[in-house]
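Architecture at a glance
Here is what each chain is made of, one letter per residue.
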Amino acid sequence: MSAIEVTADAASTWDWPLQHNDGVVKVHNNKEKFEVGLDVQFFTPKEIEVKVSGQELLIHCRHETRSDSHGTIAREINRAYKLPDDVDVTTVKSHLGTRGVLTITASKKA
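Residues numbered from 1 in each chain as written. Predicted model: local features only at pLDDT ≥ 70, side-chain atom pairs only at ≥ 80, totals over all residues. Heavy atoms only, no water.

Quick word on the sheet that holds strand E3 (residues 48-53)
Convention followed: Strands are treated as partners if at least two bridges between them are detected by DSSP. In this text, helices come from DSSP runs of H or I with a minimum length of four residues, and strands from runs of E with a minimum of two, each type numbered from the N-terminal end. Helix axes are fitted to C-alpha atoms over the stretch in contact, other axes to C-alpha atoms as well, and angles between N-to-C directions run from 0 to 180 degrees.
Taken together, 3 strands build an open sheet; the order of strands is E3-E4-E5 and the sheet is antiparallel. The open sheet terminates on both sides in strands that have one partner only, identified here as E3 and strand E5 (71-82). Taken pair by pair, the neighbouring strands of this sheet meet at an average axis angle of 10 degrees, ignoring direction. As paired elements, strand E4 (residues 56-68) and E5 share 11 bridges and run antiparallel to each other.

And the structure:
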């Protein structure tokens with residue numbers, strides 16, 4: 001089996017593989033909080049892991065091979081965000097909404 005070359009248009013900024021240019025991938029950093037919103041609609045809560053390591057927010061989404069109408073698919077995504085120095089890492093919380101958006105928030109240090 002030989003590999004098929006992948007061609008591409010002009011380079012653009014790439015952030016998250018499931019984004020649809022609809023504003024779902026968001027990072028907000030203001031005086032009160034730091035917040036990330038990600039489209040993870042293809043994953044269940046048990047397939048999503050959110051961790052803090054030092055000043056890094058680590059997101060890992062993975063599901064085993066599944067069958068669909070076209071064949072099979074397996075997905076695995078890793079993303080790390082550098083947390084601003086004024087974020088209180090003990091306040092990090094994550095929530096998966098019904099529309100498949102994972103929202104991760106953290107308060108700022110007092």
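A few points about empty space enclosed by the protein
Cut-off, in case you're wondering: Two kinds of site are reported from a 1 Å grid over the protein atoms alone, namely cavities, where a 1.4 Å probe fits but cannot get out, and pockets, open sets with protein on both sides within 12 Å along at least five of seven lines, and residues are called lining when an atom falls within 4 Å of a point. Grid points are joined across faces, edges and corners, and a volume is the space filled by probe spheres set on the points. Three classes are used: nonpolar for Ala, Val, Leu, Ile, Met, Phe, Trp, Tyr, Cys and Pro, charged for Asp, Glu, Lys and Arg, and polar for all others, with Gly counted as polar.
Across all of its chains, the model carries 1 cavity of 30 Å³ or more by this definition. Each pocket or cavity is described by its volume, and for the largest cavity that value is around 30 Å³. Along the walls of the largest cavity sit Phe 34, Val 36, Leu 57, Leu 83, Val 92, Ile 104, Thr 105 and Ala 106, which together make up its complete lining. For the lining of the largest cavity, the elements supplying multiple residues, two or more each, are strand E2 (33-39) and strand E7 (101-107). The leading source of residues in the lining of the largest cavity is E7, at 3 residues. Here the lining of the largest cavity is built from residues that sort into 7 nonpolar, 1 polar and no charged.

A few points about the pairing of E2
So the rule is basically this: Accessible area is worked out with a 1.4 Å probe on protein chains only. A residue is then buried under 20% of its type maximum, exposed over 50%, and partly exposed in between.
With 6 of its 7 residues buried, E2 lies for the most part within the structure. Here strand E1 (residues 26-29) folds back onto E2 in antiparallel fashion, the turn holding 3 residues.

Quick word on the sheet that holds strand E6 (residues 93-96)
The sheet built from 4 strands is open, its strands ordered E1-E2-E7-E6 with antiparallel pairing. Each of the sheet's edge strands pairs with one partner strand only, and the pair in question is E1 and E6. Recorded for the sheet is a direction-independent mean angle of 10 degrees between the axes of neighbouring strands. Inspection of the sheet shows E2 paired to E7 by 7 bridges, in the antiparallel sense. Within E7, the position partnered with Lys 33 by the bridge is Ser 107.

Let's talk about the environment of Gln 55
Just so we agree on the cut-off: In what follows, residue pairs with any heavy atoms lying within 4.5 Å of each other are defined as contacts. As used in this structure description, the phrase polar contact means that two N or O atoms lie within 3.5 Å; if the pair is within protein, one of them must be able to donate a hydrogen and the other to accept it, and residues adjacent in sequence are counted only when both atoms belong to side chains.
Tracing the backbone through its elements, the reader meets Gln 55 in the loop between E3 and E4. The spacing of Gln 55 and Asp 86 is 31 residues in sequence and 9.9 Å in space, taken between C-alpha atoms. Apart from the residues within four sequence positions on either side, Gln 55 is in contact with Tyr 81, Lys 82, Leu 83, Pro 84, Asp 85, Val 87 and Val 89. Among the polar contacts made by the side chain of Gln 55, one reaches the main-chain carbonyl oxygen of Pro 84 at a distance of 3.0 Å.

Side note on the pairing of E1
By the bridge criterion, 4 bridges tie E1 to E2 in an arrangement that is antiparallel. Of the residues in E2, the one forming a bridge with Lys 26 is Gly 37.

Keep in mind these values describe shape, not function.
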